[in-house]
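The residues making up each chain are set out below.
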Amino acid sequence: MRLTREIREYALNVGYSAVGFTSVHGFAGYSEEVATRGERYSFFPVAQKAQTLAQDAPGAQSVIVLAWDYAQNAFPESLVGKVGRIYQARCYAPPKHYQAAARLRLVQSFLEEKGCTLYPKVFVPERWAAAKAGITDYGKNNLAYAEGHGSFIVLQSLVVDAVLDVTDEDPHTSRCPAGCTACMKACPTAALYAPYRLEPKRCLAFNSFMTDAKRGGGITDDIPIEIRDKMGEVVHGCDICQQVCPRNKHRLQQALVPDVFLRELAEGFSLVGMLHCEDEFYHTRVRPIMYNYLKEKRFFQRNAAVALGNTRDEAYLPELAKELDNEEEVVRGHVAWAVGHIGGAQATDALQARLKSEEIPKVREELAMALQAAQS
């Protein structure tokens, strides 16, 4: 079909790595799959919308799925392990003035010029759609993998009224080695509790984005106590299951040219800087790459506090102690945990001093637990 070929070639021409097409029908299977996860996904009601995709977009016929390889440039070593690669690449749900957003707008404009009507507000489960379209398969870590690119891809979808040459592959197909459990073994919190099964609330990435905006299922502004020491130095997203995956080995070993913008950003980035999160640091070192889920400084400070606590380095205690007086209780609570986790006489003194003036019961509880940890 000529239009299908034209769309595919144009999308590849503007930089996409793979393009696929599937029908708007047949997404009920996704909702059924989510239902098998039970309470683990009870806080994620939007997943149920997939089964009504066709009804929510009257006249829609096809879903165009676009995949972009976001690991075409090298990532700074100082950011890897702290900020997920997909966020460093500025390609996931990008602001309108970012290159990734412009790339998508080009395809949208092309489709409109071809007479297609787009349905921009329809929910599409993009990993499922990409698998149905035959351009990806699922990994045991629940991520989408594209041939030649591994899991370092971002997916975007466009719902249109055009009848295109669509594919309807089995979305359960996987090219993962039969006996491989590398991702499951590497996950610090056992969030990957079975092949192709994820417990979102135990995922480090999810916990780095944890806020009360995701209310339901016991989600609050606080990173759970039992998760904090598993976070390592993660402050925004996590790549552990991708880094250990044999399907990504060839990508991780490739010699790539640096992303110059990231290199410059990384030169001024530090966990201490994020802990204090002064305006200039926030706008020049945080927001350019960490714009997706968190907007309030207090959550970046919370995450940085946990990361610094996990270094177990007493050299950071003076900087952490400054934020025990932070006006935000979520920051004070997590800083208290970090100070206690590092421990020692200096940590004990700082916690005791703050405990004398702290009035918020929840923070007092954090301080008391931290004090006990610091003295043990």
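Scroll up for the structure.
Residues numbered from 1 in each chain as written. Predicted model: local features only at pLDDT ≥ 70, side-chain atom pairs only at ≥ 80, totals over all residues. Heavy atoms only, no water.

J.: Where do I start with the overall build of the chain in this structure?
T.: Along its length, the chain carries 19 helices and five strands. The dimensions of the chain, computed from C-alpha atoms along their principal axes, are 75 × 45 × 40 Å. Within the span of the chain, comprising 376 residues, buried residues form 53% of the whole. Considering only contacts within the chain whose residues lie at least 6 apart along the sequence, 74% involve residues at least 24 apart. In the form shown here, the chain has an accessible surface area of approximately 17,100 Å², with 50% of it arising from carbon and sulfur atoms. Of the side-chain charges in the chain, 43 are positive and 46 negative, and the distance between the mean point of each set is 3 Å. (Helix = DSSP H or I, 4+ residues; strand = E, 2+ residues; numbered from the N terminus. Buried < 20%, exposed > 50% of the residue type's maximum accessible area, 1.4 Å probe, protein only. Contact = heavy atoms within 4.5 Å. Areas by Shrake-Rupley, 256 points an atom, 1.4 Å probe, with all protein chains shown as cover. Lys, Arg positive; Asp, Glu negative; His and termini not counted. Charge placed at Lys NZ, Arg CZ, Asp CG, Glu CD.)

J.: How do you make sense of the nonpolar core when you look at a structure like this?
T.: A general feature of soluble globular proteins is that nonpolar side chains tend to end up buried together. By size, the foremost hydrophobic cluster in this structure holds 119 residues, and its most contacted members are Ile64, Leu66, Tyr70, Leu111, Met274 and Leu320. Among the elements that line this core, the one with the most residues is helix H17 (residues 329–342), at eight residues. (Core = buried A, V, L, I, M, F, W, Y, C linked by side-chain atoms within 4.5 Å.)

J.: I'm lost on the environment of Ala54 in this one. Help?
T.: Looking at the secondary structure, you find Ala54 in helix H3 (residues 53–56). Sequence spacing of Ala54 and Phe27 is 27 residues, and the spatial spacing of their C-alpha atoms is 8.7 Å. Excluding residues that lie within four positions of it along the chain, Ala54 makes contacts with Val24 and His25.

J.: Hey, could you run me through the side chain of Arg287 in this one?
T.: Examined against the element boundaries, Arg287 turns out to sit in the loop between helix H14 (279–286) and helix H15 (297–311). In this structure the side chain of Arg287 is engaged in a polar contact, spanning 2.5 Å, whose partner is the backbone oxygen of Leu294. Sequence-distant contacts of Arg287, defined by excluding residues within four places in its chain, comprise Tyr98, Tyr282, Leu294, Lys295 and Phe300. (Polar contact = N/O pair within 3.5 Å; in protein donor to acceptor, adjacent residues only side chain to side chain.)

J.: I keep staring at the pairing of strand S5 (residues 153–160) and nothing clicks. Help me out?
T.: Residues in a regular strand project their side chains so that they alternate between the two faces of the sheet. Of all eight residues that make up S5, eight are buried, and the element is covered over most of its length. Side chains of S5 alternate between two faces, with Ile153, Leu155, Ser157 and Val159 and Val154, Gln156, Leu158 and Val160 buried alike. With eight bridges joining them, strand S2 (residues 62–69) and S5 adopt antiparallel strand pairing. Residue pairing across strands places Val63 opposite Val159, the latter belonging to S5. (Pairing = 2+ DSSP bridges.)

J.: Can you walk me through the layout of surface pockets in this structure?
T.: Leftover empty space is mapped by rolling, across the atoms, a probe with the size of a water molecule. In this structure, the second largest pocket occupies an estimated 260 Å³ of space. Lining the second largest pocket we find 13 residues, and of these Trp68, Ala89, Arg90, Gln99 and Asp259 sit closest to its centre. Of the residues forming the lining of the second largest pocket, the biggest block, three residues, is contributed by helix H5 (residues 99–113). Partitioning the lining of the second largest pocket into residue classes produces seven nonpolar, three polar and three charged. (1 Å grid on protein atoms, 1.4 Å probe; cavity = no way out; pocket = protein on both sides within 12 Å on 5 of 7 lines; lining within 4 Å. Points joined across faces, edges and corners; volume = space filled by probe spheres on them. Nonpolar A, V, L, I, M, F, W, Y, C, P; charged D, E, K, R; others polar.)

J.: What am I meant to see in the pairing of strand S1 (residues 18–23) here?
T.: Of all six residues in S1, six are buried; the element is thus mostly enclosed. Here S1 shows a buried face lined by Ala18, Gly20 and Thr22 and a second buried face lined by Val19, Phe21 and Ser23. As paired strands, S1 and S2 are joined by six bridges and run antiparallel to one another. Bridging from a neighbouring strand, Thr22 pairs with Val63 of S2.

J.: I would appreciate a short explanation of the sheet that holds S5 in the present structure.
T.: Either a parallel or an antiparallel arrangement is found when strands of a sheet pair, and the pairing is made through backbone hydrogen bonds. Here we have three strands laid out as an open sheet, ordered S1-S2-S5, and antiparallel in their pairing. Whereas interior strands pair on both sides, the edge strands pair on one side only; in this sheet they are S1 and S5. Across the sheet, the mean angle from the axis of one strand to that of its neighbour is 20°, orientation sign disregarded. Packing of H5 onto the sheet brings it into contact with S2 and S5, and relative to S5 it is tilted by some 25°. (Axes fitted to C-alpha atoms, helices over the stretch in contact; angles between N-to-C directions.)

J.: I would appreciate a short explanation of the packing of aromatic side chains in the present structure.
T.: The relative placement of two aromatic rings is captured by the distance of their centres and the angle of their planes. The final tally for this structure, using the stated rule, is 11 aromatic pairs. When the centroid spacing of 5.7 Å and the interplanar angle of 70° are considered together, the rings of Tyr30 and Trp128 count as edge-to-face. Within this pair, whereas Tyr30 is found in helix H2 (residues 28–35), its partner Trp128 is found in helix H6 (residues 126–132), the two being separated by 98 residues in sequence. Judged on exposure class, the residue Tyr30 and its partner Trp128 are both buried. Here the aromatic residues Tyr87, Tyr92, Phe209 and Tyr293 are joined through ring pairs into a cluster of three or more. A cation over an aromatic ring shows up here: Arg103 above the ring of Tyr16, its NZ or CZ 5.7 Å from the ring centre. (Phe/Tyr/Trp six-rings, centres within 6.5 Å; stacked < 30°, edge-to-face > 60°. Lys NZ or Arg CZ within 6 Å of the ring centre and 35° of its normal.)

J.: What am I meant to see in the environment of Phe110 here?
T.: Turning to its location among the elements, Phe110 is positioned in helix H5. Along the backbone, Phe110 and Ala11 are 99 residues apart, and their C-alpha atoms lie at a distance of 9.1 Å. Residues within four places of Phe110 in sequence aside, it is in contact with Glu6, Ile7 and Tyr10.

J.: I would appreciate a short explanation of empty space enclosed by the protein in the present structure.
T.: For the structure shown, the criterion picks out two cavities of 30 Å³ or more. Lining the largest cavity, in full, are Gly139, Lys140, Asn141, Tyr145, Cys176, Pro177, Cys180, Ala182, Cys183, Cys245 and Pro246. In this structure, the second largest cavity encloses a volume near 30 Å³. The wall of the second largest cavity is formed by Asp222, Glu329, Val330, Gly333, His334, Lys362, Val363 and Glu366.

J.: Teacher, can you tell me more about the pattern of salt bridges here?
T.: Should the charged atoms of two oppositely charged side chains come close, the side chains can pair. A full pass over the atoms with the stated rule returns 24 salt bridges. Put simply, Asp221 and Arg298 hold a salt bridge, and the shortest N to O gap is 3.6 Å. A residue pair is termed long-range when its members are at least 10 positions apart, and Asp221 in the loop between helix H8 (204–208) and helix H9 (225–228) and Arg298 in helix H15 qualify at 77 residues. Judged by relative accessible area, which is 12%, Asp221 ranks as buried. When the shortest N-O distance is used, the salt bridge between Lys362 and Asp222 registers 3.2 Å. Of the two residues, Lys362 sits in helix H19 (residues 361–375) while Asp222 sits in the loop between H8 and H9, which places them 140 residues apart along the sequence. Connected through salt bridges with shared partners, the residues Asp137, Glu147, Arg175 and Arg247 form a single ionic network. (Salt bridge = Lys/Arg side-chain N within 4 Å of Asp/Glu carboxyl O.)

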